[in-house]
Amino acid sequence: MEIARANVEAELERHHADCFAWAMACCGRDRAEAEDVLQTSYLKVLDGRAVFASRSTLKTWLFGVIRRTAAEHRRWRALRRFRPASLADRADPSPDPATAAGHSESTERLAAALSTLTTRQRELLHLVFYQDLTIAEAAGVLGISIGTARTHYERGKQRLRQLLSLEADR
Amino acid sequence: MSDDDRELRKLFAQLKDEDRGRTPSFRAPAMTVAPRWRPMARVALAAAIVGIAVVLARPDQTPRITVRPAVDLGTTAWRSPTDFLLNTPGSELLRSVPSVGSPDDWPSMNPRGSAPVPESTRRTPS
């Protein structure tokens, strides 16, 4: 049991950077929320609430767990908005200064353009271009068909190019 | 891969490089792993809440002591709403015993006279 757990921890550490980047993408580049989502996802994996069934690679499975956990966090936050007490402790929706600082101008433009895409387009482009997954693997992470993934990928890419060229013309 | 794709890939690679430096160090949530009994505790808590709710929602089966106002039965009378149907013409005859008077008041009977002939033996004149 301990050996298995050590192996799982080693695998998590190996994919940690990619998982954190994916968590950031799922949380709208909110660093604090991404860290929470990642810790919750790791807990799910380590205590057996999320079980790897070897139907995909470990990395794409982990990405699926992180994506579902991020969705749960979003729902939870949406519910908390209805509580009067939550008005005071509501998180600031502006980007985290630690995240925003230190990026070059071109990557700032890329992040700004990505934020205007639909969630599915943004996730697909991140998985394909940032995480170097194939469209089929990305479709598996998002739980959609390859045809649907390809459509969103092409539209997202086209829109991103338009936005970046518009930004460059300014 | 088109030139546009290469350009996008280059931008994403640059973003990835910049993100690498800001990735928090991996810390396995070993000490914060939820112990195994915690789900059972949640189930027990939920069962307790349901039990309390059932007990509170159950209708009260103990006899209730209700104070009823004292009623003087002597001053009350019940009247059937269909009493008027019994008021038929001549109904007073059914409620009273007809008086036939005292035998002294009857007309004197003549024992020597001809006894009244029973109707069944009476002869009709031909």
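Coordinates for the structure precede this section.
Residues numbered from 1 in each chain as written. Chains lettered and ligands numbered in written order. Predicted model: local features only at pLDDT ≥ 70, side-chain atom pairs only at ≥ 80, totals over all residues. Heavy atoms only, no water.

Undergrad: Any chance you could explain the state of the cysteines here in plain terms?
TA: Residue and element names in this part refer to chain A. With the rule as written, the count across this model stands at zero disulfides over all chains. Take Cys27: it sits in no disulfide, and the sulfur closest to it among the cysteines is that of Cys26, at 6.3 Å. Overall, Cys27 belongs to the buried group, its relative accessible area being 9%. (Disulfide = S-S within 2.5 Å. Buried < 20%, exposed > 50% of the residue type's maximum accessible area, 1.4 Å probe, protein only.)

Undergrad: I keep staring at the interface of chain B and chain A and nothing clicks. Help me out?
TA: Reports of interface size often rely on the accessible area that becomes lost once the parts have come together. Residue-level contacts link 26 residues of chain B with 37 residues of chain A. Where chain B abuts chain A, roughly 3000 Å² becomes buried across the two surfaces, and 60% of that area is made up of carbon and sulfur atoms. Taken as a group, Phe12(B), Arg22(B) and Phe26(B) account for 25% of the area that chain B buries against chain A, more than any other trio of residues on that side. The residue Asp5(B) makes a salt bridge to Lys157(A) at a minimum N-O spacing of 3.1 Å. Run the count over chain B and chain A and you get 13 residue pairs in polar contact (both at pLDDT 80 or more). Each residue belonging to the side of chain B that touches chain A can be placed in one class, and the counts come to 11 nonpolar, five polar and 10 charged. (Contact = heavy atoms within 4.5 Å. Buried area = accessible area lost by both parts, 1.4 Å probe. Salt bridge = Lys/Arg side-chain N within 4 Å of Asp/Glu carboxyl O. Polar contact = N/O pair within 3.5 Å; in protein donor to acceptor, adjacent residues only side chain to side chain. Nonpolar A, V, L, I, M, F, W, Y, C, P; charged D, E, K, R; others polar.)

Undergrad: Just checking my understanding: could you explain the side chain of Glu123(A) for this structure?
TA: Turning to its location among the elements, Glu123(A) is positioned in helix α7 (residues 119-130). The exposure class of Glu123(A) is buried, given its relative accessible area of 5%. (Helix = DSSP H or I, 4+ residues; strand = E, 2+ residues; numbered from the N terminus.)

Undergrad: Can you help me understand the packing of helix α2 (residues 16-26) of chain A against α7(A) in this one?
TA: A pair of packed helices is captured by two measures, namely the crossing angle of their axes and the spacing between those axes. All names here are of chain A. Two elements in contact, α2 and α7, have axes whose closest approach is 10 Å; the angle formed by their N-to-C orientations is 160°. The orientation of α2 with respect to α7, classified from their angle, is roughly antiparallel. Judged by the sense of rotation from one axis to the other, the crossing of α2 with α7 is right-handed. Residues Ala21, Trp22 and Ala25 of α2 touch α7, and the partners they reach there are Arg122, Glu123, His126, Leu127 and Tyr130. By residue class, the composition of the contact of α2 with α7 is five nonpolar, one polar and two charged. (Axes fitted to C-alpha atoms, helices over the stretch in contact; angles between N-to-C directions. Parallel < 35°, antiparallel > 145°, perpendicular 65-115°, else oblique. Left-handed = near helix turned anticlockwise from the far one by under 90°.)

Undergrad: Quick question: what am I supposed to make of the packing of α7(A) against helix α8 (residues 135-142) of chain A here?
TA: All names here are of chain A. Between α7 and α8, whose axes approach to 9 Å, the crossing angle comes to 130°. By the criterion of interaxial angle, the relationship of α7 to α8 is oblique. Remark: the crossing between α7 and α8 carries right-handed chirality. Counting all contacts with α7, which are made through Arg120, Glu123, Leu124, Leu127 and Val128, the residues of α8 involved are Ile135, Ala138, Val141 and Leu142. For the contact of α7 with α8, the residue count by class is seven nonpolar, no polar and two charged.

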